[in-house]
Amino acid sequence: MTLSMYEASVPVFSARLKALSGVLSAAEQNATERKIDPQVFLTARLAPDMYALVRQVQVATDHAKGAPSRLARREVPKYEDNEATFAELQARLTKTLDLLASFSAAEFDGSDERVVELKFGQREASMPGMQYLLHVAMPNFYFHVTTAYDILRHNGVPLTKGAYLGNRWRIARCEVSRPLPGNLV
């Protein structure tokens, strides 16, 4: 069985963005309960040279909308990056989730070999779609989602691993149709 480029991207981005939405909701509620100005969380960063929470969410959604768009040969939507509240970040997440829901698996046929062209400031790079997804888009996406979680956790928001994973993760029971080799049974 093979894993399609669609399955390796769109559902993964969607699940993590839904979990990030839950994390942001928990942070907003925590700020209210602790009587903390929400801007404290929204502008918080882990180190002086790192992006603040708002920018972490923006960049995470940039990768979540950019990767599937590039792989499916669609124009990458441009967002204004002007969010300054939890509500505006939630709206950005919703807009990205709506975009992700508009993709079909057929749009990704052949995208593992399709050349993706990128610009990094003055530099340009091109690589096959699978290399781009697995070595550029996904690691960057996970970095920014994790950093957003870490900023909030560092600021005392009582988040758990389940919140990061979306509270719906479970280890599925697998039924084995044939005996497993050696001591794996």
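Up top is the structure these notes are about.
What counts and how
Residues numbered from 1 in each chain as written. Predicted model: local features only at pLDDT ≥ 70, side-chain atom pairs only at ≥ 80, totals over all residues. Heavy atoms only, no water. Pairing = 2+ DSSP bridges. Helix = DSSP H or I, 4+ residues; strand = E, 2+ residues; numbered from the N terminus. Core = buried A, V, L, I, M, F, W, Y, C linked by side-chain atoms within 4.5 Å. Buried < 20%, exposed > 50% of the residue type's maximum accessible area, 1.4 Å probe, protein only. Contact = heavy atoms within 4.5 Å. Phe/Tyr/Trp six-rings, centres within 6.5 Å; stacked < 30°, edge-to-face > 60°. Lys NZ or Arg CZ within 6 Å of the ring centre and 35° of its normal.

Chemist: Quick rundown of the pairing of strand E1 (residues 115-120)? Include the residues and the values.
Modeler: On any regular strand, side chains alternate: one points to one face of the sheet, the next to the other face. Note: E1 against strand E2 (residues 123-128), six bridges, orientation antiparallel. Each bridged residue has a counterpart across the sheet, and for Glu-117 the counterpart in E2 is Ser-126.

Chemist: Can you explain the nonpolar core? Please cite residues and give values.
Modeler: Counting residues in hydrophobic clusters, the biggest one holds 48 residues, and the most contacted among them are Leu-24, Leu-53, Tyr-132, Leu-133 and Leu-152. When contributions to this core are tallied by element, the ones reaching two or more residues are helix H1 (5-33), helix H2 (38-42), helix H3 (53-71), helix H4 (86-101), E1, helix H5 (129-154) and helix H6 (161-165). Among all residues touching Leu-152, those that are not within four sequence positions of it are Val-23, Leu-24, Ala-27, Phe-41, Leu-53, Val-157 and Leu-159.

Chemist: Which residues make up the packing of aromatic side chains, and what values do they have?
Modeler: Taken as a whole and judged by the stated rule, the model has five aromatic pairs. On the basis of an interplanar angle of 70° and a centroid distance of 5.5 Å, the ring pair of Tyr-6 and Phe-108 is categorised as edge-to-face. Remark: Phe-108 occurs in the loop between H4 and E1 and Tyr-6 occurs in helix H1; sequence separation between them is 102 residues. For the pair formed by Tyr-6 and Phe-108, the shared burial category is buried. A network of ring pairs unites the aromatic residues Tyr-6, Phe-103 and Phe-108 as a single cluster. Above the ring of Tyr-79, the side-chain terminus of Lys-65 is found at 4.6 Å from the ring centroid. One Lys or Arg, Lys-95, reaches over the ring of Tyr-79 and ends 4.0 Å from the middle of that ring.

Chemist: Residues and numbers for unusual backbone geometry, please.
Modeler: Even without being glycine, Lys-35 reaches a positive phi, approximately 55°. Within the fold, Lys-35 resides in the loop between H1 and H2. Taking relative accessible area as the criterion, Lys-35 reaches 76% and is therefore assigned exposed. We note that Asp-81 has phi near 60°; this positive angle belongs to a residue other than glycine. Along the polypeptide, Asp-81 turns up in the loop between H3 and H4.

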